[in-house]
Amino acid sequence: MFLRIFVRGLFAIPPTLAVFEGDIMLGDTANHIRYLGCANELPSRALPGGSYINAAMTVEACQNYCNTANYPMSGIMAGQRCYCGQGLSLGSDIAPDGNVKCTAPCSGNSRQRCGSQTHLSVFNTTNFVYATSPARVNGWNYHKCFMEPSWDAVLENLVATNQLVFFERNDMRIGLCIDECSKRGYSVAGLQAGRECWCGRTIDDRYWSDANDPSCRMTCGTICAGNKTQICGGKEALAVNLKPK
Ligand SMILES: *[C@@H]1O[C@H](CO)[C@@H](O)[C@H](O)[C@H]1NC(C)=O
Ligand SMILES: *[C@@H]1O[C@H](CO)[C@@H](O)[C@H](O)[C@H]1NC(C)=O
């Protein structure tokens, strides 16, 4: 009894502390998130990846949002604006005067600092692994990422054949979508928004616009809800896999 209490006391795991609160220093790292510093925003965006605004913004929430969108870095401005990227754009640099220009409290945790009107508090995930669309999964081949214009042409084309299958799952991954489509006799498996799977029989490239066009705002960059090393389409973008002919 005594020994158990002693051992438990000695090795007790401290309660999880909220991190990046109060005064933080460049290089501070917790839970694989590293504080890189305070960087100036640019008219063209210092971190040009995904972004969102939230009245409950925290350092962890922004970093998690960016990692899910397949970006290792996050930056928060004005207390509640979260931006993502692979690195700071040319012209944006870590300020040499530390946190002087990053003093806005985060809207979701006033003990954390979330940039200012002109600067971003920038963080990076130290063990980040980019998710990919593998060329081949379960014998099927990756084809393309298609944009889904506002009039839903991509999916409507599948619907028009009256052979549509759609399902959404919290453990979605590429192999799961392919297996389910395959089981039902389909030869097209499209993944979207991390957790959606669409099955179809035919794909006519004439009706589908390639989302790899750099001017396209839709990209396949959302990690699969059930496999964080794979990409399952994106917001308004369908990652299509085809059964070999
Ligand atoms: C961010 O972290 C990744 C590893 O997850 C590393 O490859 C990259 O160099 C880091 N970027 C910066 C600017 O520290
Ligand atoms: C997760 O993705 C990786 C990379 O594509 C793959 O090797 C692995 O088998 C996948 N795991 C599952 C359970 O699908």
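Preceding this paragraph is the structure being described.
Rules and cut-offs
Residues numbered from 1 in each chain as written. Chains lettered and ligands numbered in written order. Predicted model: local features only at pLDDT ≥ 70, side-chain atom pairs only at ≥ 80, totals over all residues. Heavy atoms only, no water. Near = heavy atom within 4 Å. Polar contact = N/O pair within 3.5 Å; in protein donor to acceptor, adjacent residues only side chain to side chain. Areas by Shrake-Rupley, 256 points an atom, 1.4 Å probe, with all protein chains shown as cover. Phe/Tyr/Trp six-rings, centres within 6.5 Å; stacked < 30°, edge-to-face > 60°. Helix = DSSP H or I, 4+ residues; strand = E, 2+ residues; numbered from the N terminus. Buried < 20%, exposed > 50% of the residue type's maximum accessible area, 1.4 Å probe, protein only. Lys NZ or Arg CZ within 6 Å of the ring centre and 35° of its normal. Contact = heavy atoms within 4.5 Å. Pairing = 2+ DSSP bridges. Arc of directions from axis to C-beta. Salt bridge = Lys/Arg side-chain N within 4 Å of Asp/Glu carboxyl O. Nonpolar A, V, L, I, M, F, W, Y, C, P; charged D, E, K, R; others polar.

Participant: Honestly, the site of ligand 2 in this entry has me stumped. Any pointers?
Facilitator: Contacts to ligand 2 come from Pro134, Arg173, Asn227, Thr229 and Gln230. A distance of 2.3 Å is found between an oxygen atom of ligand 2 and a side-chain nitrogen or oxygen belonging to Asn227. When the free accessible area of ligand 2 is taken as 370 Å², the share hidden by the protein chains comes to 43%.

Participant: Help me understand the packing of aromatic side chains, please; the structure alone is not making it clear to me.
Facilitator: Centre-to-centre distance and the angle between the planes together describe a pair of aromatic rings. Taken as a whole, this structure holds four aromatic pairs when the rule is applied. Between the aromatic rings of Tyr35 and Phe123, the centroid separation amounts to 5.1 Å while the plane-to-plane angle is 45 degrees, which identifies the pairing as tilted. Placement of Tyr35 in strand β2 (residues 33–40) and of Phe123 in strand β8 (residues 119–125) is noted, with a sequence separation of 88 residues between them. The burial state of Tyr35 is the same as that of Phe123; both residues are buried. Seen in terms of ring centroids, Tyr52 and Tyr65 are 4.2 Å apart; in terms of plane orientation they differ by 35 degrees. Their pairing is tilted. In this pair, Tyr52 is assigned in strand β3 (residues 51–53) and Tyr65 in helix α2 (residues 59–68), connecting sequence segments 13 residues apart. Under the relative-accessibility criterion, Tyr65 is labelled partly exposed at 31%. Of the aromatic side chains, those joined through ring pairs into one cluster are Phe20, Tyr35 and Phe123. Over the face of the ring belonging to Tyr186 we find Arg201, whose NZ or CZ atom lies 4.7 Å from the ring centre.

Participant: Looking at this structure, how should I read the environment of His143?
Facilitator: With respect to the helices and strands, the residue His143 is situated in strand β10 (residues 140–147). For the pair formed by His143 and Val188, sequence separation is 45 residues and the distance between their alpha carbons is 9.6 Å. With sequence-adjacent residues up to four places away left out, His143 is seen in contact with Ile203, Asp205, Val240, Asn241 and Leu242.

Participant: Please explain the sheet that holds β2 as it appears in this structure.
Facilitator: Whenever strands of a sheet pair, they do so through backbone hydrogen bonds, lying parallel or antiparallel. Overall, antiparallel pairing links the six strands, which are arranged β1-β2-β8-β4-β5-β3 in an open sheet. With one partner strand each, in any of the chains shown, β1 (29–30) and β3 form the two edges of the open sheet. Bridge count for β1 against β2 is two bridges, and the pairing is antiparallel. Within the sheet, the bridge partner assigned to Thr29 lies in β2 and is Arg34.

Participant: It is not clear to me how α2 should be interpreted in this structure. Could you clarify?
Facilitator: The α-helix advances 3.6 residues per turn, and as a result positions three or four apart in sequence lie on the same side. Looking only at α2, the buried set comprises Val59, Cys62, Gln63, Cys66 and Asn67. On an axial view of α2, the arc spanned by its buried residues comes to 130 degrees, and they lie on one face. One or two positions beyond α2, positive phi appears at Asn70, with a value near 70 degrees.

Participant: I would appreciate a short explanation of the pattern of salt bridges in the present structure.
Facilitator: It is possible for side chains bearing opposite charge to pair when their charged atoms get close. A complete count under the given rule lists six salt bridges for this structure. Glu21 serves as the salt-bridge partner of Arg111, at 3.0 Å between the closest nitrogen and oxygen. In this pair, Arg111 is assigned in strand β7 (residues 109–113) and Glu21 in the loop between α1 (2–11) and β1, connecting sequence segments 90 residues apart.

Participant: How do you make sense of the site of ligand 1 when you look at a structure like this?
Facilitator: Taken together, Leu36, Asn124, Thr125, Thr126, Asn127 and Phe128 make up the full set of residues adjacent to ligand 1. Thr126 places a polar main-chain atom, nitrogen or oxygen, 3.2 Å from an oxygen atom of ligand 1. At 3.0 Å from an oxygen atom of ligand 1 is found a main-chain nitrogen or oxygen belonging to Phe128. When the free accessible area of ligand 1 is taken as 360 Å², the share hidden by the protein chains comes to 47%. Residue composition of the shell around ligand 1, grouped by class: two nonpolar, four polar and no charged.

Participant: What exactly am I supposed to notice about unusual backbone geometry here?
Facilitator: Note: most residues except glycine have negative phi, and most peptide bonds are trans. Its identity is not glycine, yet Arg45 carries a phi of approximately 80 degrees, on the positive side. Among the structural elements, Arg45 can be located in the loop between β2 and β3. We classify Arg45 as partly exposed; its relative accessible area is 22%. The phi dihedral of Glu236 is positive, around 60 degrees, even though this residue is not glycine. Inspection of the secondary structure assignment puts Glu236 in the loop between β16 (227–231) and β17 (237–242).

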